[in-house]
Amino acid sequence: MTQGPYIDAGSELDPVHPVELPHPARATGLSTAEVAERVARGEVNDVPVRSSRSTVDIVRGNVFTRFNAIIGVLWLIMLFVAPFQDSLFGYVIIANTGIGIIQEHRAKKTLDGLAVIGEAKPTVRRDGTAGEVSTSDLVLGDLIELGPGDKVVVDGETVEADGLEIDESLLTGEADPVHKKPGDPMMSGSFVVAGGGAFTATRVGREAYAAQLADEASRFTLVHSELRSGISTILKYVTWMMVPTAAGLIVSQLVHERHDLKDSIARTVGGITPMIPEGLVLLTSIAFAIGVIRLGRKQCLVQELPAIEGLARVDVVCLDKTGTLTEGGMNVTGLRMLDGDGEADEAYVRQVLGAFGASDPRPNASLQAIVDAYPDTSGWRCTRALPFSSARKYSGAAFAEGDGETSAWLLGAPDVLLPERDPALQEVGRLNEEGLRVLLLARAAGSLDDGDGRAEDDGPVRAEADGGSDRGDVVAGARPTALVVLEQRLRPEAADTLAYFAEQDVAAKVISGDNAVSVGAVAAKLGLAGATDTIDARRLPTDQEEMADSLDSHSVFGRVSPQQKRDMVAALQSRGHTVAMTGDGVNDVLALKDADIGVSMGSGSEATRAVAQIVLLNNSFATLPSVVAEGRRVIGNVTRVATLFLVKTVYSVLLAILVSCFQIQYPFLPRHLTMLSTLTIGIPAFFLALAPNKERAKPHFVRRVLRYSVPCGIIAAVATFVAYMIARHYYVGSGSLDAETSVATLTLFLVSMWVLAIIARPYTWWRVCLVLAMAGAFLLVMVVPALQHFFALKLVGAAIPWMGVGIAVVASAGIEVVWRWVDRRYPG
């Protein structure tokens, strides 16, 4: 995502109308009347959240292209100087453009519908009541509540801060969370990593500069794709070749061949038109659009179109265990008392856990399981709380108990809270080996207060997390009281999905913040190779090269911090891997942003959905193979189609050069090449572009396409020109040019059909039928008198037409040899 500058409150972007910030003591938010007043003044967050190009952009992008302009001019010329048949290519372009607009508009509707489903809906306090509203319904001065994982959607000023920690790395590049206090500025595009609070919107809509950056960076886009950039490169080459070649052809036809001006113009246009691979961009767009529609039906939101292509190129997928391999929810399966706190019995511990659950208004999955198992009935009051964060691996709470006593407790990872050789870790290890998740409840020896203020009577106060109190004063001397055993529910489709990646040679790396042994046990249940050889990330080397070695040799990593996830993605990329990262929590955001492809679950935090290129709205890990398959279909099929189109471009350019050099009449009228293009490229390419294709995606798109298309195009051009020149020396008198053209057309068609037959491999029944149908259509043209007249094609005699067939057979054999040689010489 694009990084933006830090936008301070009070900058030049301040709104014209001053904002009355609610007083913390009466932070009830705006009233209904105040909201209506601001809406009337236009102080609404009206920046459109778009997942696709607008309809106007779609029409403009499909109609106003460089080659459409060239073909349009040529078409207008042909309408005045030649019969209707010779202007057919213009109508084909109109039809193609219309199809492109319709398909992309269908994709837009699919994406926009899914974007509404996956849209972040902030919680806003109005009239003293909190409720979710659409982002576009926010108004200036709204009081917006925040919790872990929430994205800050507009700029504002902090009003309430309950241990609030904000990650602003997407805007500033700084990875360390920022602790917010009342009065501190809030930037749109940042997100909450711990704690909670509320802020007042001070800049909304287009006045929120950071919001514009975030929207721009996460918007549906048609750029930064190897396919699209490759096709642009190809079109650039074509343009360079076209200009001098077309100029030479014009001179040779209009200056040296003066038999019939209109016929010379028609043949000149006939030579220029096939040089343009006009349908290549169209079919690429259609292939992407159909992919979006297909994935949309599976509740997969593609926020950046090239992600379909990118995931097909992925060779390493990094998986977060919780929410990806396992379902989000958990169950408490046991409570194991420890001897560390002799004052606590099980009934008392249940009270502590119940109060602990009630102390957090937005519990994570682990704490929610505790809330469900131990509903709070104690009446204890939380006086101070330490929010959970992925960096700390624990949370804390202090209580005023019902009998007037006070106590402070910690709940989190046993191997973080306990000394390295503590006897309780043996029990924890045994439970982890069974794939169970274990939390330690420990009584804090001192206060959770880190010295920044007194406990207040009107609610819990969160202890800050930037001092030594977190790891030193708070944890030191804590007495282990009980182990809370949690069972994680495996996703039923996860094993099949991991097996699919293994079959496709995509390495799966499980990277989790949980205990390494527990993560390995879960991965082993799902059949992941190397799951038993787990690595505790706290012992990973910090050097990128050494870390990359560990990642190449191991598959399961536990106790990974958010920053380490980011470093691990970078280490894999340093080895040339294309990395996909899946996740659903705020601890995954940094890694998702840096990965080549970020995949978020629909139930994940707003922050993860904002930075991911692909959002699985159905929360099904099993959708990923469909995305990979769709990407492979697009890449493989566009490569096939591009080869077909460029063979035509190469033989058209070379034929024009040969004709110019020999100063002879160009052999084809536009109608001939329109028919050839339609039967050997246009119709077949449409079906081949949308066909299933499971070939692994390969890099260097342009290089691979040109390796095949250039030699094949040269062979086709030489064969056609030889047949044409022999026919010119054989036929004499009136009608000779039509006979010569017919032989050249027959030769070029047969050679082009062999290229099509190669492109259509591996053969299936429908591919064979497609090739035969195109051959049958050409045969009809050659034998039906009305079609002969329409296309000005008639084979005269037997010797020269059969000579053309013989030349085509030899040329086809040469193409086969070249194709096989290229496959052996350049297998990648």
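One structure accompanies this document, and this report is about it. (Residues numbered from 1 in each chain as written. Predicted model: local features only at pLDDT ≥ 70, side-chain atom pairs only at ≥ 80, totals over all residues. Heavy atoms only, no water.)

Attention shifts here to the overall build of the protein. Each helix and strand counted, the protein has 28 helices and 22 strands in total. Across the protein, every contact between residues at least 6 apart in sequence was considered, and the portion connecting residues at least 24 apart equals 76%. (Helix = DSSP H or I, 4+ residues; strand = E, 2+ residues; numbered from the N terminus. Contact = heavy atoms within 4.5 Å.)

Before going further, it helps to examine the sheet that holds strand β8 (residues 300-302). Strand pairing in a sheet is mediated by backbone hydrogen bonds. Such pairs are either parallel or antiparallel. Across the sheet, 8 strands lie side by side as β8-β22-β21-β20-β9-β17-β19-β18; this open sheet has mixed pairing. Edge strands, defined here as strands with exactly one partner in the open sheet, are β8 and β18 (534-536). Averaged over neighbouring strand pairs, the angle between their axes works out to 20° when direction is ignored. Note: strand β20 (residues 579-583) against strand β21 (residues 597-601), 4 bridges, orientation parallel. Within the sheet, the bridge partner assigned to Met-581 lies in β21 and is Gly-598. (Pairing = 2+ DSSP bridges. Axes fitted to C-alpha atoms, helices over the stretch in contact; angles between N-to-C directions.)

Attention shifts here to the pattern of salt bridges. Taken as a whole and assessed by the stated rule, the structure comprises 28 salt bridges. We note a salt bridge from Arg-125 to Glu-160, for which the minimum N-O separation is 2.9 Å. Pair noted here: Arg-125 is in strand β1 (residues 123-126) and Glu-160 is in strand β4 (residues 155-167), with a separation of 35 residues, a long-range link. The exposure class of Glu-160 is partly exposed, given its relative accessible area of 24%. Residue Arg-820 is joined to Glu-816 by a salt bridge in which the shortest nitrogen-to-oxygen separation is 2.8 Å. Remark: Glu-816 and Arg-820 occur in helix α28 (residues 799-825); sequence separation between them is 4 residues, near one turn of the helix. (Salt bridge = Lys/Arg side-chain N within 4 Å of Asp/Glu carboxyl O. Buried < 20%, exposed > 50% of the residue type's maximum accessible area, 1.4 Å probe, protein only.)

Moving on, we come to empty space enclosed by the protein. Under the criterion given, the structure shown has 2 cavities of 30 Å³ or more. Quantified by volume, the second largest cavity comes out at close to 50 Å³. Lining the second largest cavity we find Leu-644, Val-647, Lys-648, Tyr-651, Thr-680, Ile-681, Ser-752 and Val-755. Listed by contribution, the elements that provide at least two residues to the lining of the second largest cavity are α22 (624-662), α23 (670-690) and α25 (736-759). (1 Å grid on protein atoms, 1.4 Å probe; cavity = no way out; pocket = protein on both sides within 12 Å on 5 of 7 lines; lining within 4 Å. Points joined across faces, edges and corners; volume = space filled by probe spheres on them.)

Time to look at α25. Helix length check: α25 (24 residues) gives 35 Å between terminal C-alpha atoms against 34 Å at 1.5 Å per residue, within 8%. With 20 of 24 residues buried, α25 is to be regarded as a mostly interior element. (Expected span 1.5 Å × (residues − 1).)

On to the packing of aromatic side chains, then. By convention here, two paired aromatic rings are described through the distance between centres and the angle between planes. The final tally for this structure, using the stated rule, is 13 aromatic pairs. Ring geometry for Tyr-348 and Trp-409: centres 6.0 Å apart, planes at 55°, overall tilted. Of this pair, Tyr-348 sits in helix α11 (residues 346-358) while Trp-409 sits in strand β13 (residues 406-412), placing them 61 residues apart in sequence. Grouping residues by exposure puts Tyr-348 and Trp-409 together as buried. Ring pairs connect the aromatic residues Tyr-348, Phe-356, Trp-380, Phe-399 and Trp-409, which therefore count as one cluster. (Phe/Tyr/Trp six-rings, centres within 6.5 Å; stacked < 30°, edge-to-face > 60°.)

A separate point is the pairing of strand β12 (residues 394-400). Of all the 7 residues making up β12, 7 are buried; the element is thus mostly covered by neighbouring parts of the structure. Along β12, one buried face is formed by Tyr-394, Gly-396, Ala-398 and Ala-400 and the opposite face, lined by Ser-395, Ala-397 and Phe-399, is buried too. Where strand β11 (residues 381-386) lies against β12, 5 bridges are found, and the strand directions are antiparallel. Within β12, the position partnered with Ala-385 by the bridge is Ala-397. Sheet analysis places β12 next to β13, joined by 7 bridges and oriented antiparallel. Along β13, the bridge assignment pairs Ser-395 with Leu-411. If you look at the hairpin formed by β12 and β13, you'll find 5 residues sitting between the two strands, and Gly-404 has a positive phi there, around 95°.

Turning our eyes to something else, we now look at the nonpolar core. Ranked by internal contacts, the top residues of the largest apolar core, which has 139 residues, are Leu-311, Ile-614, Phe-621 and Phe-701. If we skip the residues at most four places from it in the chain, Phe-701 touches Glu-226, Leu-227, Gly-230, Ile-231, Ile-234, Val-638, Thr-639 and Ala-642. The next biggest cluster of nonpolar side chains, apart from the first, holds 26 residues, and it includes Ile-511, Ala-548, Ala-571 and Ala-595. (Core = buried A, V, L, I, M, F, W, Y, C linked by side-chain atoms within 4.5 Å.)

Any link to function would need more than the numbers given here.
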